[in-house]
Amino acid sequence: MMKKINLGARGFTLIELLVVISIIGMLSSIILASLNSSRAKARDAKRIVEKRQVIIALNQYYGNNGAWPPSATTAEGWSCLAPTNETCFGGGYSGLDSLVSDLSPYISSLPKNNAPTGVLAEDRILYTKNHSYTAGAVIPVIGAYIVWVQEAGMTSAKCTGYIDHSDAYYYCFEYLGL
């Protein structure tokens, strides 16, 4: 003789189902938030490595030529580390083909910031070989600089120069030398 099983006698109530769904929702939002934070930290770690590679390439160029590679001839002298047809930092600066070719023996490819459009950080590291700030400014030294970015907190351990936080990114004005 077979036993009958009554499947409809015990089930989950609507309240129990809603509680389980809300718990799953809270857990998934916590996981997604920590995942986004981890992604930002990974992008920042990559930017630090690439910034070091750029500094090494610029220093090797300086060591071989006794001068920094040429940058833009505008009043400020800033250039994107990119070909001439590219712009960076909100479209305010252009790349320079001669800079790309000058650095090509020292670095295989110039890094990108991978920041979204609409923030100053978009796309490339900035470089100048002879920049000076007006008296009383934060960086009064004349010389070569790069400007690179971080999403998470920028510290003096990561940036030996001036740190600006004007939008969602931290900008490091790093002095390379005279």
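All figures in this text were calculated on a predicted structure; none of them were measured in a lab. Per chain, the residues get numbers from 1 upward, laid out in the order the sequence is written. Local features in this predicted model are restricted to residues whose pLDDT is 70 or higher, and side-chain atom pairs enter the listing and the counts only when it is 80 or higher, whereas totals over whole chains, interfaces and linings include all residues. Computation of side-chain values covers all heavy atoms of the structure but excludes hydrogens and water.

Draft legend 1. A look at the nonpolar core. Among the nonpolar cores identified, the biggest contains 21 residues, and Leu 58, Leu 81, Leu 103, Tyr 127, Ile 146, Trp 148 and Leu 176 are the most heavily contacted of them. Among the elements that line this core, the one with the most residues is helix α1 (residues 14–65), at six residues. Take the buried Ala, Val, Leu, Ile, Met, Phe, Trp, Tyr and Cys residues and link them wherever side-chain atoms come within 4.5 Å; each set so joined is a nonpolar core. Each residue's exposure class comes from its accessible area (1.4 Å probe, protein chains only) as a fraction of the maximum for that residue type: buried when under 20%, exposed when over 50%, partly exposed otherwise. We count a stretch as a helix when DSSP gives it H or I for four or more residues in a row; a strand needs E for two or more, and each element gets its number in order from the N terminus.

Draft legend 2. Expanded view of the state of the cysteines. Cysteine sulfur atoms that pair up within 2.5 Å are treated as a disulfide. Summed over the entire model, instances satisfying the criterion amount to two disulfides. Bridging Cys 80 to Cys 88, the disulfide has an S-S length of 2.0 Å. Between Cys 80 and Cys 88, the disulfide has an S-S torsion of -100 degrees and is therefore left-handed. In this model Cys 159 forms its disulfide with Cys 172; the gap between the sulfur atoms is 2.0 Å. On the sign convention where negative is left-handed, the bridge of Cys 159 and Cys 172, at about 85 degrees about the S-S bond, is right-handed. Taken together, the residues Cys 159 in the loop between β5 (143–150) and β6 (162–164) and Cys 172 in strand β7 (residues 170–177) connect sequence positions 13 residues apart. Just as Cys 159 is buried, Cys 172 falls in that class too. Counting its disulfide-bonded cysteines in sequence order, the chain shows a connectivity of 1-2, 3-4.

Draft legend 3. The arrangement of the pattern of salt bridges in detail. Any Lys or Arg side-chain nitrogen found within 4 Å of a carboxyl oxygen on Asp or Glu counts as a salt bridge. Counted by the stated rule, this structure contains six salt bridges. The partner of Arg 47 in a salt bridge is Asp 44, and the shortest N-O contact between them spans 2.9 Å. Taken as a pair, Arg 47 and Asp 44 lie in helix α1 at a separation of three residues, close to a single helical turn. Here the two residues Arg 47 and Asp 44 agree in accessibility, since each one is buried. One salt bridge in this structure joins Glu 174 and Lys 51, with 3.5 Å as the shortest N-O distance. Taken together, the positions of Glu 174 in strand β7 and Lys 51 in helix α1 put the pair 123 residues apart, joining distant regions of the chain. When sorted by exposure, Glu 174 lands in the same class as Lys 51, which is buried. A network of salt bridges, in which partner residues are shared, links Arg 43, Asp 44, Arg 47 and Glu 151.

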